[in-house]
Structures are given as structure tokens and as C-alpha cells.
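In case you want the letters, here they are:
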Amino acid sequence: MIVFNQPLAVLKPWVESLPQGLFDLEIQNICFDSREVSQGDAFFVLPSVAGNESVYITQAINNGASVIVVDEKLSQQFIPDASVEAVPYVFVSDIMATAGNVLAQCLYQSQLDMQVVGITGTNGKSSISFYLAQLLNELNGQCAVMGTVGYGQWDNLIPSGMTTLPLEKLHHVLSELSEDYKSVAMEVSSHGLEQNRLAGVAFSGAVFSNLSRDHLDYHGTMDAYGEAKALLFTRPELKFVVINADDDFAQSLAQKSYVKPVFYGQLDNADLRFELIKMHEQGMDVQFTWQTESVVVSLPLFGKFNAENVAAAILCCLKMGFNFSDIIQASGALQAVPGRMQHISVNAQQPIVLVDYAHTPDALEQILMAIKQHTTGQITLIVGCGGDRDAGKRSLMGNIALQNADKTIITSDNPRSEDPLTICEQMVDGLSGNYVIEVDRAQAIKRAITQASNDDIVIIAGKGHEDYQEINGQRRYFSDAEEAKSVLQLGSQA
């Protein structure tokens, strides 16, 4: 809700035409939830997944709405109930675009000098956003994060529960952040793009990490999934675009981009190139090359993909006007993202335990291939798959696990309404290898850590920063990081 006390003419820039006579209406608030409507409010009818727009309109009118702003596609679908007193309707060609523009203008845009960088891709969004925020904080002190883990200062986030917030909430958060920050590193989901939940956000830059199988239960095909991601790069307000040159989707995306992109990667044609110099148990040494300058940086991070994510953040900073040497100096202080190859440590004389959000086949394969370069010991993997989601990736995940880990414990993830044992069995159906099924995730973590040697690595994959398990429609508190730390603490006392 926007508390507002001006004539309806405020909507004029965003509405193609206003019916004669509406300019004299005094509106108290602009509402996007029919339950919040009071006498004299304007109600914007946003799309309903369940198709309940007519119900919301009726409720808003009963609550005293003075005007209804609705998408013209609904003009023939909704006939007001005869018992409801008629109110003026304003039909617009794109209700989400109109609502987003009104929200931005009324809440913050007129005084906004904050740069918003949108980051999309199947994997790496959170890591790139965190690394970009950390670099910018070192360089100019004021960058917030918005995404899967939450929003606000990167090391003190307010949980949000989703990657891309609903339209109204997103703009209210941006309004809050604009008071304290010069920039925002924002994760952008394919769902949010396709549903136009980012309407009204003025992106300065856009970043693409990669495209691999995910969310096909929603998008249907990889082509449709890729087209949804590409929507971020066709926005006319963009000042710069950063693309992963090593990804197969890179050139296709570059052709769709509103501005000429710059590339990062290991290929020779990348504008910012990186090379892995040395992988070790404390992280890796990476060489970054920009134009004629090459510098080696020691990063306390694991995996080639993290070098890739840091490269994306560095290139963003370059496009935002910062000096390469200053950026490189700041990169030496980068810290891992919660739940993204997060090192859980209690005692140096214990196995390395890493918690990671990898929940797609590509992400799982990447972390397993990467971690082999950091150890001479064995790799034990704990992994599961979520229920009520793309079931086609379960066998893919199981096969990748058995092909790349020395030992695998198949366990429960977020089974939701499905039987967790059935999900586990589907992951390894017809496969052979060194695995066991342990449905209890806490027991799986305990088993993996207690059976590992000091020079081994244990990877707990799938949930990362999440602090819950969703079982039978209920969320129960559960943190992989806390569970692993508890087991390690008990082991150090033995």
C-alpha cells in the first residue's frame, strides 16, 4: 500500500487515458491487496495465479475502493456483481508495467541515484551478488544485496524467502535501501522476469552467469527458460551488460542484448579473462587479466565456478567506473557466501566440510569436479532432490553423484508432499555405485562426517543457506551448517 493524498492525476504519466471526471477524485491510498483497501482507495488488480481477479475486485469495492485499475485483457471477463455499487474502472494495456512505474515514482524514483545491477542465470546469482556487494563496499562503502538469501547489508540480511519479491514488496524494499545505499546487487529469477515482477525497476546493468536445466516444471522447455532469462537484457534503461563468455547461451543472449555486452571467462575473446593458477585446501590462486594488466589473487574460495563468479563481479565494477588495480586489491578480502561452498570448521584436524546450495544437475557436477582439485583425500557427498518439482532431474542428479563422489549418501531435501524415500529411490533407480540411502538428513550428515578421514572432504549439497525442511506442507527448522557444526564440535571433544 502507498499512503497517498493527491488527485488521481498522479497516474496520468502511466495510464494512456483517464476517463473524464476522474481528475477530481481524491484517493487516500494506492492498494495492490484487496484486503487492505479502505474507503477512498485506488485498487490495482494484479494478475492472480489462481484466476481470482474478479473476487479481489468485488472485495475491494465492498471495502470502499473509489477506482479500480485493471488490465484491459480482463475488461470482457469481469462483470461486477449487481449488488455492488459501481465504481469507475481504468483499463490499461499492461497492469504490471503500470503498477511498477507508479510504485517506483511514488516511493523513490524521483530522488533515486542508486544503481541497480540485475544478476540472472541458473547458478551463481547469489555468489556474484555477494561478491559484487563486497567489492563495492570496499570501493565506495554502500552496496546492498537483494536475492535468495535476503536483502540489505550482505553480512546482515533480512530473510525474504524468495529470489524475486512480489512487485509491491520489491519496490518498498528498494525505497528503504535507497536511503542508505548507492547501489544494489539484485538476483533476478526467471519466474520474476516472466511474471513481470520487476516492472518499474530501472536497471543500470545486467549480468548473466549460465544456463542449465532448472525450473522446467514451470517453463516447460529449455528454450522457454532461456527466453525468460533474456528478458532482463532487452530492457532499454540498461547502461551495461556482462555475460559469461564460456556459456553456450552467451552468443544468443548477446544478440538479444539492448546494449553491446562485455564478456568474462577463460576464452581468449573474453574482455576480462581468468586463469586458475593453483588449487589448495585453503582456496585457490587465480590470475585475472584486463586489457594489458594481469594480477594473481589468492581467494579463500573453492571451485572454478567461484573464480568465474568473482570475475563477473570484477567486470561489473570495471563497467561501473572503478580502477582495475583498486578492484583487485579489494578482491583479496572476499568472503564466501552463506550456503555457497561455505566452509564449516571447528578443528583443523578434521575433514573439510562444505555446505552448498547446488540443487541442479549442472551445479552439482560443477562443485564435484571443482572440489577434486582441492584435495588428495576422498569426497563424500550428501544429496537429495525436492518434492513436487521437476522429477526428471532426479536420476540426473543421482548419476552425477555416483560418477563423481567417492561415497554418496542419498537423503531427504524438501520432500514437500511427496514420500522422501520414494524420491531417494528414484534418484538411484537402475544405477550402481558406492551409495546408501539415509532419509533422515541429520543422520546422513552425522554419518558422513564421522566416517570421513581428516584429509577427506564432505559436501552437503542442495539446501545451502536454507534453515528449514518442508515436509508434508510444514516447514521445520533445519540448518545444514548448524547440523554439521554440531557434529564437528562433538568430534573435536572426543
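No experiment lies behind these values; they were computed from the predicted model shown.

Chemist: Could you give me a rundown of the overall build of the chain, with the residues and numbers involved?
Modeler: Broken down by element type, the chain carries 15 helices and 23 strands. The C-alpha radius of gyration computed for the chain amounts to 25 Å, which stays within 12% of the reference 23 Å derived for 494 residues, consistent with globular compactness. Projecting the C-alpha coordinates of the chain onto the three principal axes gives extents of approximately 75 × 55 × 40 Å. Here the chain, with 494 residues, has 56% of them falling under the buried criterion. Of the contacts formed within the chain by residues at least 6 apart in sequence, a portion of 65% connects residues at least 24 apart. Here the chain displays about 20800 Å² of accessible surface, and carbon together with sulfur accounts for 45% of that area. Separation between the mean location of the 31 positive side-chain charges and that of the 58 negative ones in the chain comes to 3 Å.

Chemist: Help me get a handle on the nonpolar core, residues and values and all.
Modeler: Inside soluble globular proteins, nonpolar side chains tend to come together where they are buried. Core analysis: the biggest nonpolar cluster contains 56 residues, and M146, L174, M186 and F203 have the highest contact counts within it. Tallying contributions element by element places helix α2 (residues 95-107) first for this core, with seven residues. Those residues in contact with F203, other than ones at most four positions away along the chain, are V116, V117, G118, M186, V188, L198, L232, R235, E237 and L238. Residues L135, M284, F288 and L334 belong to the second largest nonpolar core, which totals 47 residues.

Chemist: Outline the side chain of D456, listing residues and values.
Modeler: Along the polypeptide, D456 turns up in the loop between α14 (441-451) and β21 (457-461). It is K407 that comes nearest to the buried, bridge-free D456 among opposite-charge side chains, at 5.3 Å. In terms of polar contacts, D456 uses its side chain to reach the backbone amide nitrogen of Q378, at 2.8 Å.

Chemist: Kindly report on the side chain of D413, identifying the contributing residues and their values.
Modeler: For D413, the position within the fold is in the loop between β19 (407-410) and α13 (420-428). Buried D413, no salt bridge; nearest opposite-charge side chain is R441, N-O distance 4.5 Å. When neighbours within four sequence positions are excluded, D413 is seen to be in contact with G384, C385, G386, R441, G462, K463 and Q469.

Chemist: So what's going on with the sheet that holds strand β17 (residues 352-356)? Which residues, and what values?
Modeler: Across the sheet, which stays open at both edges, the six strands sit in the order β16-β17-β21-β18-β19-β20 with mixed pairing between neighbours. Two strands bound the open sheet, and with one partner strand each, they are β16 (342-344) and β20 (435-437). Going from strand to strand, the sheet's axes swing by 20° on average, the running direction of each strand aside. Both strand β18 (residues 379-383) and β21 contribute to a ladder of four bridges, which runs parallel. Within β21, the residue paired with T380 across the bridge is V458. Each of β17, β18 and β21 touches helix α11 (residues 361-371); the most contacted strand, β21, lies at about 170° to it. Here α13 sits on the sheet and contacts β18, β19 and β20; the angle it forms with β20, its principal contact strand, is near 160°.

Chemist: Explain helix α1 (residues 53-62) residue by residue, including any values.
Modeler: Among the residues of α1, those classed as buried are E53, I57, A60 and I61. Viewed end-on, α1 has its buried residues packed into an arc of 95°, placing them on one side of the element. Just downstream of α1 lies G64, where phi reads positive at about 105°.

Chemist: Could you give me a rundown of the packing of aromatic side chains, with the residues and numbers involved?
Modeler: Note on aromatic pairs: each is described by the distance of the centres and the angle between the planes. Following the criterion strictly, the structure yields five aromatic pairs and no others. A centroid spacing of 6.0 Å and a plane angle of 15° characterise the contact between Y89 and F91, whose relative ring orientation is stacked. For Y89, a relative accessible area of 19% puts it in the buried group. Both rings, one in F208 and one in F233, keep their centres 6.5 Å apart while their planes meet at 80°; by these two values the pair is edge-to-face. Of this pair, F208 sits in strand β10 (residues 203-208) while F233 is found in the loop between α7 (222-230) and β11 (240-244), placing the two residues 25 residues apart along the sequence. This pair shows no difference in class: F208 is buried, exactly as F233 is. Members of the aromatic cluster, each reached through a chain of ring pairs, are F208, F233 and F249. Just above the ring of Y468 sits the side chain of K463; from NZ or CZ to the centre is 4.8 Å. The ring centre of Y468 lies 3.9 Å from the NZ or CZ of R475, which sits over that ring.

Analysis parameters
- Residues numbered from 1 in each chain as written.
- Predicted model: local features only at pLDDT ≥ 70, side-chain atom pairs only at ≥ 80, totals over all residues.
- Heavy atoms only, no water.
- Helix = DSSP H or I, 4+ residues; strand = E, 2+ residues; numbered from the N terminus.
- Rg over C-alpha atoms; globule rule 2.2 N^0.38 Å.
- Buried < 20%, exposed > 50% of the residue type's maximum accessible area, 1.4 Å probe, protein only.
- Contact = heavy atoms within 4.5 Å.
- Areas by Shrake-Rupley, 256 points an atom, 1.4 Å probe, with all protein chains shown as cover.
- Lys, Arg positive; Asp, Glu negative; His and termini not counted.
- Charge placed at Lys NZ, Arg CZ, Asp CG, Glu CD.
- Core = buried A, V, L, I, M, F, W, Y, C linked by side-chain atoms within 4.5 Å.
- Salt bridge = Lys/Arg side-chain N within 4 Å of Asp/Glu carboxyl O.
- Polar contact = N/O pair within 3.5 Å; in protein donor to acceptor, adjacent residues only side chain to side chain.
- Pairing = 2+ DSSP bridges.
- Axes fitted to C-alpha atoms, helices over the stretch in contact; angles between N-to-C directions.
- Arc of directions from axis to C-beta.
- Phe/Tyr/Trp six-rings, centres within 6.5 Å; stacked < 30°, edge-to-face > 60°.
- Lys NZ or Arg CZ within 6 Å of the ring centre and 35° of its normal.

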